[in-house]
Structures are given as structure tokens and as C-alpha cells.
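Structural characterization, general
What follows is the residue order along each chain.
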Amino acid sequence: MPNPESDDYKFLRIVDATTSINQKVNLIGVVTEAGIPKQSKGTDCCCTIRIVDESNPSSGISVNVFAETFDKLPNVESTGDIIQLSHVVMKLHGSEVNAVFNKRFSAFALYEGSDFSNFVPYQVSSKFHAREQDNKFIADLRKWTITHLPETESNGFFQLNSIKQGIRSNLICKVLHICEVTQGEWMLFVWNGTDAPPLDIHSKLEEELKNPLCLQLEEPPLSRDVLCSFPTVGTVLRLTADRCNARLALQLLKVGRWVQFRNIQFEAREGLWCGILMHSSKFSYLSDDNKVVLEFQREYKKRFKGKWTRMPLSSFPWPPNLTKTEHEHVPLVTLMDIITYPKVLYKYRCVVRVVATLPGEATNFRGPSGIYRLRLTLEDATARIHACLYDKDAEKFFGGYPDDDKMIKLHKVLLGIDENNGKARNPPWIDCCLKSYYVDKSDMWGSRRYGIFDTKFIGLSD
DNA sequence: TTGGGG
């Protein structure tokens, strides 16, 4: 029986714990963030979580937890939840003090942060023993949390529009999907309703046949079923952990939850945005009624208010007048709308960029018989697709059969090729009509293709 | 033991 008078009963305030180096202490605190669970260099799994209390409400201390398996690590449901830690050892690391959870003698229990009537922990470690007296501390901490838990940092740039290459930043997003891309390496698909900005394209057009610009970063591509579960507006950002090590337990993240990531590196891969989880990246789950989460959802809903609101945010207010379609009354859709449209055969209008052509040389757009046959790689903020531009549709697009000089010029404008800017191109947004169709009646979805039609290029002044 | 960081 624990004796209420003994030291074993006491919880130390975090400030007091930081002066108890190398001592075993009991702590109770509010979880503000967690590191991604990892395999340790030894035989264990580990994760670091940060906790605060009334005595240290801003920085708090980090707790390093070790366990034999991932599911024995504390799996914090939401930022603001309460963790009770027994027999953790305070360790000095540089000038910082951490608490170390040792699986041989430490114990933890996790409680919901906001349900004031619930004193049953939702996760406990094997050595945890519940005590009647703990409830008072949990209740007090909950009361304190209402007024003192730091707000979600809304001043950081969480909008995808402001991400920059090579810069680390924070991101608030919803986890849509997680999949294993190569053995032990997981990819996260996240979204917050905003568009990532368009990137320069560096692929070599003359190598488009042998080494085509990819349509997505994951291999194999996601199934149609998974794609159909994604929102069709706003960028679905791919996040990987390949920079730190492939053993990160990314698959433990909860699909469907809003998360705040800290210290994510953003990079361009194949002209597509990729978020990279670093060793020092942290995350915390946000509740669905979190202020910032609700703000993202409000902003997202606004994107559907008008007829043209599915246009990429970065082409605002209107794409440059390079093309003209014969269906200007038709509302715009995104490429994800097209990919996930429930019918194989349909017609659409969208605003896209031409990021590659096959053939890569404008002088080869027509086959030996003189008929146009091109494949364009199109992208918007939501996806990339291949679209054909054949025969009569191409004749309409190019305004007949321009000579080589004119076609080369046209190609450069269409792909945003700037001779002065080395190999990179920055394709402009164009307005175009697309149709979806099939080439094999026995496998209509499997052989679904896209083609440009009823669109005319008018971007050359002469 | 491990980790905490780049």
C-alpha cells in the first residue's frame, strides 16, 4: 500500500524536478508535443514528449521514454492530455534537464485533457498502479489547462502557399493517408485545404521519352479508391522521413486526425513539393474543435462559394490569356476532380500548367503522316496527369499547322521556357478543356485516358 | 543501453 506521507506519493513541480538531477521523481504534466516514435540505437523504441505544468508553463521539460515495442510507448491522443509519470530519473544533458523513463521501474498513465469527469486513463504502462489520490492532481491540472495551455501557434506559417524550398517550418494539416512506399519506409499524405505554390520544372524535355517527368512521388501510385477518398481541392502534400532514417514509426500516426508538425523541411522533388520529417521534427495532435483547425475548415469552405473558385490560388485573379476555350460558361474543376470523377467518360474545364511535352521538341509534334500526336503532362495544385493532344484537337489548339519557327516559339511560351534561366522552366497557367475516355472497353477504368479539346492557344501576339 | 541535435 502506498503511504500518502512518503515521497513516493508526491508529484514534483517541473521547476523542482529540474533541480533533482539523477533522482527518481514523480511528475504530472500536460503534453504539448511529441517527437516521432523511433527505434533506439539499442534494442528499444523511444520517443520524446514535452510536458508543461503551472510551474513551467512555456518551455516545460522533455521526457525520453523507452519501451520494447512501439505500442508500449505513450500514444498521446491530443495535445493538452495529461500524463502521469512515476519513478522517472532526472538527467542533465548540456544545460538542459530531461526526465528519462526507464522501462524497468518507471510507469506512466495518459488521461484525456478536457473530459473533467473522467479519471480513467486511456493508456497505462505495465508498471502503473492507479491511486485514488491522483484524481485531485489530474482535476487541478485540467482546471489550470483551460486558461493556461498555450494556444496553437497560429503565427507560424501553416498555409501551404508560403512554404519555401530548403526552409524548415511548421505545418498544421490533416493526415489523409499513410502507406509504405519501400520496405520500412512510409509516406504520409496530408492536406489543409490550401494550395502549395507552383515550382520551377528542371526535367530535360529531350529525355521525356526515356526519363519522363513523374506524375507522383510515390511508387506504385495510389489506387483509385484511395485517391477518391481525398479532397479534390487543396494540395495533398507528401511527407517522407527518408532524411533521418527509415525506421521512423510513421505508420503510427492516426489517419483522419489534424496534426501540428514542427520543424519540417520542404523540398522540391521532380518539381513536386515534398515535406521531409527531420530527426528534430515534432508533432502534436490537435482536437477537431481547435481554433486553427476550424479556421482552416472555414477558409476551405470559402473556396466553393463561386463558380471559378476551384482555380489554383496562385493563378489569382485569372490565368494569363494564353488560351481560349469554346466553353467559357463551364465551371472550373481541379485535376483531382477529374481523376476521381465517378464516370469514365466526361468533359471538364480546368486551369493547369503544361510541365512537359512528349515529344520534347516542337518540331516533332507531328508524326510521319503529318498528323499531330503529343502527350502533355499537366499539373495544378492537386495533381499531375498525362493528356493527349491529337490530330484535329491539336490542329485547333495550334491554329492549323504553323511553321517550325512559330511552333518553337509557341512551345516556349506554353512551357514557360526562359532561355536566360538555364534549364528551369516556369509554365504559365492555361485555361483548357479536357475529356476523359477509355481505350479498352473490357477495362474502362484501367485504360482511362485524358485528352485536350476545344481549346485554342492564342498566346503569340504576331 | 538507448536519447536529447546536426
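The model shown is predicted, which means the values in this text are computed figures rather than measured ones. For every chain, the first residue of the written sequence is number 1, and numbering continues from 1 along that sequence. Just so you know, chain letters begin at A and ligand numbers begin at 1, following the order they were written in. It should be noted that, the model being predicted, local features are given only for residues of pLDDT at least 70 and side-chain atom pairs only at 80 or more, the latter also being counted only at that level, while totals for whole chains, interfaces and linings use all residues. Hydrogen atoms and water are omitted, and side-chain values are computed over all heavy atoms in the structure.

1. Digging into the pairing of strand S9 (residues 168-182)
Type-normalised accessible area, obtained with a 1.4 Å probe on protein chains alone, sets the label of each residue: buried when under 20%, exposed when over 50%, and partly exposed for intermediate values. Numbering of helices and strands runs from the N terminus, with a helix taken as a DSSP run of H or I at least four residues long and a strand as a DSSP run of E at least two residues long. Of all 15 residues in S9, eleven are buried; the element is thus mostly enclosed. Strand direction decides the pairing type here: S9 and strand S12 (residues 258-269), joined by six bridges, are antiparallel. Residue pairing across strands places Ser169 opposite Ile264, the latter belonging to S12. The rule for pairing is simple: two strands pair if DSSP sees at least two bridges between them. As defined by bridge partners, S9 adjoins strand S10 (residues 185-191) across seven bridges and the pair is classed as antiparallel. Across the sheet, the residue bridging to Ile178 is Leu188, located in S10. Between S9 and S10, which pair antiparallel and follow one another directly, the connecting turn spans two residues, one of which, Gly184, has a positive phi of 75 degrees.

2. Here's the deal with unusual backbone geometry
Across the chain, the bulk of peptide bonds are trans and the bulk of non-glycine residues have phi less than zero. Here the bond from Glu219 into Pro220 is cis, since omega is 0 degrees, no more than 30 degrees from zero. Mapped onto the elements of the fold, Pro220 is located in the loop between S10 and helix H3 (224-228). One non-glycine residue with positive phi stands out, namely His87, at about 55 degrees. Mapped onto the elements, His87 comes out in strand S5 (residues 82-93). When its relative accessible area of 28% is taken as the criterion, His87 is described as partly exposed. For Asn263, which is not glycine, the phi dihedral falls at a positive 65 degrees. Residue placement: Asn263 occurs in strand S12.

3. Some words on the pairing of strand S6 (residues 96-101)
Judged from the three bridges that link them, strand S4 (residues 56-67) and S6 form a sheet pairing that is parallel. For Val65, the partnering residue across the bridge sits in S6 and is Phe101. Sheet analysis places S5 next to S6, joined by five bridges and oriented antiparallel. Along S6, the bridge assignment pairs Leu92 with Val97. Where S5 folds back onto S6 in an antiparallel hairpin, the turn is made up of two residues, including Gly94, whose phi is positive at roughly 60 degrees.

4. Details of the protein's contact with DNA strand B
DNA strand B sits among 19 residues. The nearest are Asp44, Asn98, Val100, Lys103 and Ser280. At three residues, the largest contribution of residues to the surface near DNA strand B is made by strand S13 (residues 272-286). Here a residue counts as near a molecule or strand whenever at least one of its heavy atoms sits within 4 Å of it.

5. Concerning the packing of aromatic side chains
The aromatic pairing rule takes the rings of Phe, Tyr and Trp, using the six-membered ring of Trp, and pairs them if the centres are within 6.5 Å, calling planes under 30 degrees apart stacked, those over 60 edge-to-face and the rest tilted. Summed over the entire model, instances satisfying the criterion amount to 17 aromatic pairs. Here the aromatic rings of Phe189 and Phe230 are separated by 6.1 Å at their centres, their planes lie at 35 degrees, and the arrangement is tilted. Of this pair, Phe189 sits in strand S10 while Phe230 sits in the loop between H3 and strand S11 (237-240); the two residues are 41 residues apart in sequence, bridging distant segments of the chain. Across the pair, Phe230 and Phe189 agree in class, each one buried.

6. Quick notes on the pattern of salt bridges
We define a salt bridge as a side-chain nitrogen of Lys or Arg found within 4 Å of a carboxyl oxygen belonging to Asp or Glu. Here the structure, examined in full by the defined rule, presents 22 salt bridges. Between Glu299 and Lys302 there is a salt bridge, with its nearest N and O atoms 3.0 Å apart. Highlighted residues: Glu299 and Lys302, both in helix H4 (residues 291-302), separated by three residues, approximately one helical turn. A salt bridge links Lys396 to Glu326; the nearest nitrogen and oxygen atoms lie 3.1 Å apart. In this pair, Lys396 sits in helix H6 (residues 391-398) while Glu326 sits in the loop between strand S14 (323-325) and helix H5 (335-339), placing the two residues 70 residues apart along the sequence. On the accessibility criterion, Glu326 (47% relative accessible area) is partly exposed. By sharing partners, the salt bridges in this structure join Glu326, Lys396 and Asp454 into a single network.

7. Overview of the UniProt feature "domain: Telomeric single stranded DNA binding POT1/Cdc13" (unreviewed entry) in chain A
UniProt positions are given in the numbering used here, feature names are shortened, and annotations may be inferred rather than shown by experiment. UniProt records the feature "domain: Telomeric single stranded DNA binding POT1/Cdc13" (unreviewed entry) at residues 11-146, using the numbering of this structure. Helix makes up 12% of residues 11-146 and strand 44%, whereas the separation of the span's terminal C-alpha atoms amounts to 21 Å.

8. Some details on the side chain of Arg425
With respect to the helices, strands and loops of the structure, Arg425 is situated in the loop between helix H7 (404-415) and strand S18 (429-438). Glu208 provides the closest opposite charge to the buried, unpaired Arg425, separated from it by 5.6 Å. Definition of a polar contact: a pair of N or O atoms within 3.5 Å, with one able to donate and the other able to accept a hydrogen when the atoms are protein atoms, and with sequence-neighbouring residues admitted only if both atoms are side-chain atoms. At a separation of 2.6 Å, a polar atom in the side chain of Arg425 contacts the main-chain carbonyl oxygen of Ser203. The contact definition used throughout considers only heavy atoms, calling two residues in contact when any of these lie within 4.5 Å. Ignoring anything within four residues of it in the chain, the contact list for Arg425 reads Asp200, Ile201, His202, Ser203, Leu205, Val355, Ala356, Leu415, Gly416 and Ile417. Positive charges come from Lys and Arg, negative ones from Asp and Glu, while His and the chain ends are left out of the count.

9. Some remarks on the layout of surface pockets
In this approach the atoms are scanned with a rolling probe the size of a water molecule, which exposes any empty space left behind. Cavities and pockets are found on a 1 Å grid laid over the protein atoms alone: a cavity is a set of points where a 1.4 Å probe fits but cannot escape, a pocket is an open set with protein on both sides within 12 Å along at least five of seven lines, and a lining residue has an atom within 4 Å of such a point. Grid points are joined across faces, edges and corners, and a volume is the space filled by probe spheres set on the points. If you add up the space inside the largest pocket, you get close to 1,000 Å³. Taken together, 47 residues make up the lining of the largest pocket; nearest its centre are Leu215, Gln216, Ile339, Arg384 and Ile385. Residues are grouped as follows: nonpolar covers Ala, Val, Leu, Ile, Met, Phe, Trp, Tyr, Cys and Pro; charged covers Asp, Glu, Lys and Arg; every other residue, Gly included, is treated as polar. Each residue belonging to the lining of the largest pocket can be placed in one class, and the counts come to 28 nonpolar, eight polar and eleven charged.

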